[in-house]
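The lines below spell out each chain.
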Amino acid sequence: MLSRRAMLAAGLLGGFAARTGHAGDLPVIRLGSLPFGTSTWEAAVIKARSLDTANGFTLEATKLAGNDAARISFVGGQVDTIIGDLLWAARLSNEGQGLRFIPYSTSEGAVMVPKDSQIQSLKDLAGKKFGVAGGPLDKNWLLLKAQARDAAGIDLEKQCEIAYGAPPLITLKLEQGALDAALTYWTYCARLEPKGFRRLIRAEDIMRALGAGGDVSLIGYLFHSTTVAEKPAAVAGFYRASRAAKDMLASDPATWDLVRPLMDAKDDATFESLKREFLAGTPRRPVTAERTDALKLYAVLSRLGGERLVGSGNGLPQDFYYDGSRDG
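Please read these numbers as outputs of a predicted model, since none were measured by experiment.

K.L.:
How should I be thinking about the overall build of the protein in this particular structure?
P.N.:
Within the protein, the regular secondary structure consists of 16 helices and ten strands. For 328 residues, the compact-globule estimate of 2.2 N^0.38 gives 20 Å, and the C-alpha radius of gyration of the protein, at 20 Å, lies within 12% of that figure. Residue burial in the protein is summarised as follows: out of 328 residues, 52% are buried. Long-range contacts, defined as pairs at least 24 residues apart, comprise 78% of the intrachain contacts of the protein with a sequence gap of at least 6. For the protein, the separation between the mean place of its 40 positive charges and that of its 37 negative charges on side chains is 2 Å.

K.L.:
So what exactly am I meant to see when it comes to the sheet that holds strand β8 (residues 181-185) here?
P.N.:
Whenever strands of a sheet pair, they do so through backbone hydrogen bonds, lying parallel or antiparallel. Taken in spatial order, the five strands of this open sheet run β7-β6-β8-β5-β9, and their pairing is mixed. Each of the sheet's edge strands pairs with one partner strand only, and the pair in question is β7 (161-165) and β9 (197-202). Each neighbouring strand pair of the sheet contributes to a mean axis angle of 25°, computed without reference to strand direction. Two elements, strand β6 (residues 129-133) and β8, share three bridges in a ladder whose sense is parallel. Considered in β8, the bridge of Phe-130 is made with Ala-181.

K.L.:
Is there a simple way to explain the state of the cysteines in this structure?
P.N.:
The bond known as a disulfide is covalent and runs between the sulfur atoms of two cysteines. Inspection of the entire model under this criterion finds zero disulfides. The thiol sulfur of Cys-160 is not disulfide-bonded, and the nearest other cysteine sulfur, from Cys-189, lies at 17 Å. Exposure remark for Cys-160: the relative accessible area of 10% places this residue in the buried category. The exposure class assigned to Cys-189 is buried, which follows from its relative accessible area of 0%.

K.L.:
Would you take a moment to explain the packing of aromatic side chains for this structure?
P.N.:
One pair of aromatic rings is described through two measures. These are the centre distance and the angle between the planes. Going through the model one piece at a time under the given rule, you end up with 15 aromatic pairs. Each member of the aromatic cluster is reached from another via a ring pair, and the members are Phe-57, Tyr-104, Tyr-221, Phe-223 and Phe-238. Stacked on the ring of Phe-271, the Lys or Arg Arg-260 has its end atom at 4.5 Å from the ring centre.

K.L.:
What's the story with helix α13 (residues 232-251) in this structure? I'm lost.
P.N.:
Residue pairs spaced three or four apart in an α-helix point in one direction, given the helix's 3.6 residues per turn. Relative to the 28 Å expected for 20 residues at 1.5 Å per residue, α13 spans 29 Å between its end C-alpha atoms, a close match to the ideal helical length. Of all 20 residues making up α13, 14 are buried, and the element is well covered by its neighbours.

K.L.:
I would appreciate a short explanation of the nonpolar core in the present structure.
P.N.:
Within soluble globular proteins, side chains that are nonpolar generally end up buried alongside one another. Counting residues in each nonpolar core, the largest one holds 52 residues, and the members touching the most others are Leu-125, Phe-130 and Leu-144. Non-local contacts of Phe-130, meaning those with residues more than four positions away in its chain, are made with Val-111, Leu-125, Trp-141, Leu-144, Cys-160, Glu-161, Ile-162, Ala-163, Leu-179, Ala-181, Ala-182 and Leu-183.

K.L.:
Which parts of the structure should I look at to understand the pairing of strand β5 (residues 109-114)?
P.N.:
The side chains of a regular strand alternate between the sheet's two faces. Within β5, five of the six residues are buried, leaving the element largely enclosed by the surrounding structure. Examined bridge by bridge, β5 and β8 share four bridges and lie antiparallel to one another. When the sheet's bridge partners are listed, Ala-110 is paired in β8 with Thr-184. As paired elements, β5 and β9 share five bridges and run antiparallel to each other. Opposite Val-111, over in β9, you have Ile-201 as the bridge partner.

K.L.:
It is not clear to me how unusual backbone geometry should be interpreted in this structure. Could you clarify?
P.N.:
Most peptide bonds take the trans form, and the phi angle of most residues other than glycine is negative. In this structure, Ser-50 is a non-glycine residue whose phi angle is positive, near 55°. Inspection of the secondary structure puts Ser-50 in the loop between α3 (39-48) and α4 (51-54). Unlike most non-glycine residues, Asp-264 shows phi in positive territory, near 50°. Structurally, the position occupied by Asp-264 is in the loop between α14 (256-259) and α15 (268-280).

K.L.:
Quick question: what am I supposed to make of the pattern of salt bridges here?
P.N.:
Two side chains of opposite charge can pair, provided their charged atoms sit close to one another. On inspection of all chains with the given rule, the structure shows 20 salt bridges. One salt bridge in this structure joins Glu-108 and Lys-139, with 3.7 Å as the shortest N-O distance. Separated by 31 residues along the polypeptide, Glu-108 in the loop between β4 (99-105) and β5 and Lys-139 in helix α7 (residues 139-152) bring together distant segments of the chain. Residue Glu-108 is classed as buried on the basis of its relative accessible area of 5%. For Lys-139, a relative accessible area of 12% corresponds to the buried category. The shortest N-O distance in the salt bridge between Arg-260 and Asp-268 comes to 3.0 Å. Overall, Arg-260 belongs to the partly exposed group, its relative accessible area being 27%. When salt bridges that share partners are traced, they join Glu-193, Arg-199, Arg-202, Arg-276 and Glu-277 into one network.

K.L.:
How should I be thinking about the side chain of Thr-106 in this particular structure?
P.N.:
Its location among the elements puts Thr-106 in the loop between β4 and β5. Not counting residues up to four positions away in its chain, the partners in contact with Thr-106 are Glu-204, Asp-215, Val-216, Ser-217, Ala-280, Gly-281, Pro-283 and Glu-290.

Thresholds, definitions, all that
- Residues numbered from 1 in each chain as written.
- Predicted model: local features only at pLDDT ≥ 70, side-chain atom pairs only at ≥ 80, totals over all residues.
- Heavy atoms only, no water.
- Helix = DSSP H or I, 4+ residues; strand = E, 2+ residues; numbered from the N terminus.
- Rg over C-alpha atoms; globule rule 2.2 N^0.38 Å.
- Buried < 20%, exposed > 50% of the residue type's maximum accessible area, 1.4 Å probe, protein only.
- Contact = heavy atoms within 4.5 Å.
- Lys, Arg positive; Asp, Glu negative; His and termini not counted.
- Charge placed at Lys NZ, Arg CZ, Asp CG, Glu CD.
- Pairing = 2+ DSSP bridges.
- Axes fitted to C-alpha atoms, helices over the stretch in contact; angles between N-to-C directions.
- Disulfide = S-S within 2.5 Å.
- Phe/Tyr/Trp six-rings, centres within 6.5 Å; stacked < 30°, edge-to-face > 60°.
- Lys NZ or Arg CZ within 6 Å of the ring centre and 35° of its normal.
- Expected span 1.5 Å × (residues − 1).
- Core = buried A, V, L, I, M, F, W, Y, C linked by side-chain atoms within 4.5 Å.
- Salt bridge = Lys/Arg side-chain N within 4 Å of Asp/Glu carboxyl O.

What follows is the structure, given as structure tokens:
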């Protein structure tokens, strides 16, 4: 059964949909998503349940080849919104582009090891072959290095044999036994668990150890401030539709029938693992709490990654977070 919040946001109470007009009359929000990105899951629910038109806009989803293509399309105005990294968005905002951030997921990633591995703690990673999804400035890698130094007294970069690579490659190398452990993104972690791998430490646990009071969304929907100003009702409607889609996925198991074909889940165990981790990452805190903890992590990451990571900015812009109101 749908939660009351989902029903309200979907326009199922009060006949909101009937007052919004025909889909062709509504403003369009263009979403750029990656072929296997989880935003395609949410978009499928929004479209199938008419959450876009019920909330006063029409969603047009465009699949893009990869992260670079998504960023180029977003910066160039070919799409209105993408799922993006908080640090990248803050950097652009601090450089004058003016972006708004809607928390999307607190699920980040984890260090994965074989279930029967002798590695039981960060200290045990010393001397091991360790894979890192992404590059030397990946935010999860920077946070992990800080935690390993503070909690275990080891320098992972110096005391491990590090291999950087794209998430699919790093995950494959771990499965093949070419790596002893790997830090990879949450969707790959979810796929590894049914294959006999376990989490050594989650990125969410690291964030808490470094001062966060709760789970933090380091990825979110990004909008240009100009888009919010030009289409305030549509962006506010998108915010509501996104929350309603998440509520439906949490409360109505049948909604996952819409999503499963997009998940590349070849068996029930993989499907259930991906589903569980997606739902666990649903942001549940006010944006004020998100911002407070994000500032703490920003300070840590700025110190570790320097200007190469965060640019010349020294914090999050004041109006960076979007709270769902038309004035945002």
